[in-house]
Amino acid sequence: MGVTERRAREREEMRTKILDAARNLFATQGYDAVTLRKVADCIEYCPATIYKYFSDKDEMVRALCEEDIAAMMAAFRPSMAELTPLERLRSFGRAFINMGLEQPNHFRLMFMTPLLSPDDSLFVEKHANPETDSYGLFQTVVQECIDTGVFREDLTDPEFIAQTLWAGLHGVISLHIALGTDPNINWRPVRERAIYLHELMIAGMSRNPAPVIAPKFEKAAATV
């Protein structure tokens, strides 16, 4: 590896380190509490280092949002390879669950810590485009289910269906992120709860619902 390539790699590694630290701080402390100095302290570098990569906090926030939007799209796109619209809908839900449980700070930042205005050009450019907007991609899956008769005849609004499914899964995941370590609650495994709820919602809206079997747990079990 030459000097130029090594420097480029080192620069990218430092940028990633900065963004990871910033994501954690924004997700846990909120936008107003975070400064570039705090980010620098978190990675044990001087603030001047941060300014080599980002001119101000807003530029850092936009970089974080762009990175997380791209990661979310990468997580959801494989769902489109499933054979039927219903299989794609289920796969989409599993991908959302996996992202929330495996990358909680990404989830906090994208869905629990609004950093940019909905009118920001970053969101305006990507909105409703299935190639760049995960919600737009999800809507196409829901519309396919409507078109192929998966849902009841009275359910014809893809926005209503998509938002209902999204809200249900968001509730399970955000509750887990906020209170999942509370020792006073005998939590059942969160992934099983999320999948069960997703299947219940699909069955409740389906034209020909399949039975949804609840997972069984030991009454004395205490799992987080």
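Up top is the structure these notes are about.
Notes on the structure follow. (Residues numbered from 1 in each chain as written. Predicted model: local features only at pLDDT ≥ 70, side-chain atom pairs only at ≥ 80, totals over all residues. Heavy atoms only, no water.)

**Some points on the overall build of the protein**
- When its secondary structure is counted, the protein shows 10 helices and 0 strands.
- Going residue by residue from the N terminus, the α and β elements of the protein occur as α-α-α-α-α-α-α-α-α-α.
- With respect to the three principal axes, the spread of C-alpha positions in the protein is 60 × 45 × 40 Å.
- Buried residues in the protein amount to 39% of all 224 residues.
- A sequence separation of at least 24 residues applies to 68% of the contacts in the protein between residues at least 6 apart.
- Surface summary for the protein: the accessible area is close to 12,500 Å², and the carbon and sulfur share equals 54%.
- Counting 25 positive and 32 negative side-chain charges, the protein places the averaged centre of each group 6 Å from the other. (Helix = DSSP H or I, 4+ residues; strand = E, 2+ residues; numbered from the N terminus. Buried < 20%, exposed > 50% of the residue type's maximum accessible area, 1.4 Å probe, protein only. Contact = heavy atoms within 4.5 Å. Areas by Shrake-Rupley, 256 points an atom, 1.4 Å probe, with all protein chains shown as cover. Lys, Arg positive; Asp, Glu negative; His and termini not counted. Charge placed at Lys NZ, Arg CZ, Asp CG, Glu CD.)

**Observations regarding the pattern of salt bridges**
- The full count for this structure, using the stated rule, is 11 salt bridges.
- Between R6 and E10 there is a salt bridge, with its nearest N and O atoms 4.0 Å apart. Placement of both R6 and E10 in helix α1 (residues 3–29) is noted, with a separation of 4 residues, approximately one turn of the helix.
- With a relative accessible area of 34%, R6 lands in the partly exposed category.
- Accessibility expressed as a relative area gives 40% for E10, which makes it partly exposed.
- Between D154 and R152 there is a salt bridge, with the nearest N and O atoms lying 3.0 Å from each other.
- D154 sits in the exposed class, given a relative accessible area of 52%.
- For R152, a relative accessible area of 32% puts it in the partly exposed group.
- The network of salt bridges with common partners includes D20, R23, E67 and D68. (Salt bridge = Lys/Arg side-chain N within 4 Å of Asp/Glu carboxyl O.)

**Details of the packing of helix α4 (residues 57–76) against helix α5 (residues 85–102)**
- Taken N-terminus to C-terminus, the directions of α4 and α5 make an angle of 135°; their axes are 9 Å apart at the nearest point. Regarding the angle of α4 to α5, the classification is oblique. Classified by chirality, the crossing of α5 by α4 is right-handed. In this structure, α4 uses M72, A75 and F76 to contact α5, whose residues at the interface are F92, A95, F96 and M99.
- Within the contact of α4 with α5, the residues separate by chemical class into 7 nonpolar, no polar and no charged. (Axes fitted to C-alpha atoms, helices over the stretch in contact; angles between N-to-C directions. Parallel < 35°, antiparallel > 145°, perpendicular 65-115°, else oblique. Left-handed = near helix turned anticlockwise from the far one by under 90°. Nonpolar A, V, L, I, M, F, W, Y, C, P; charged D, E, K, R; others polar.)

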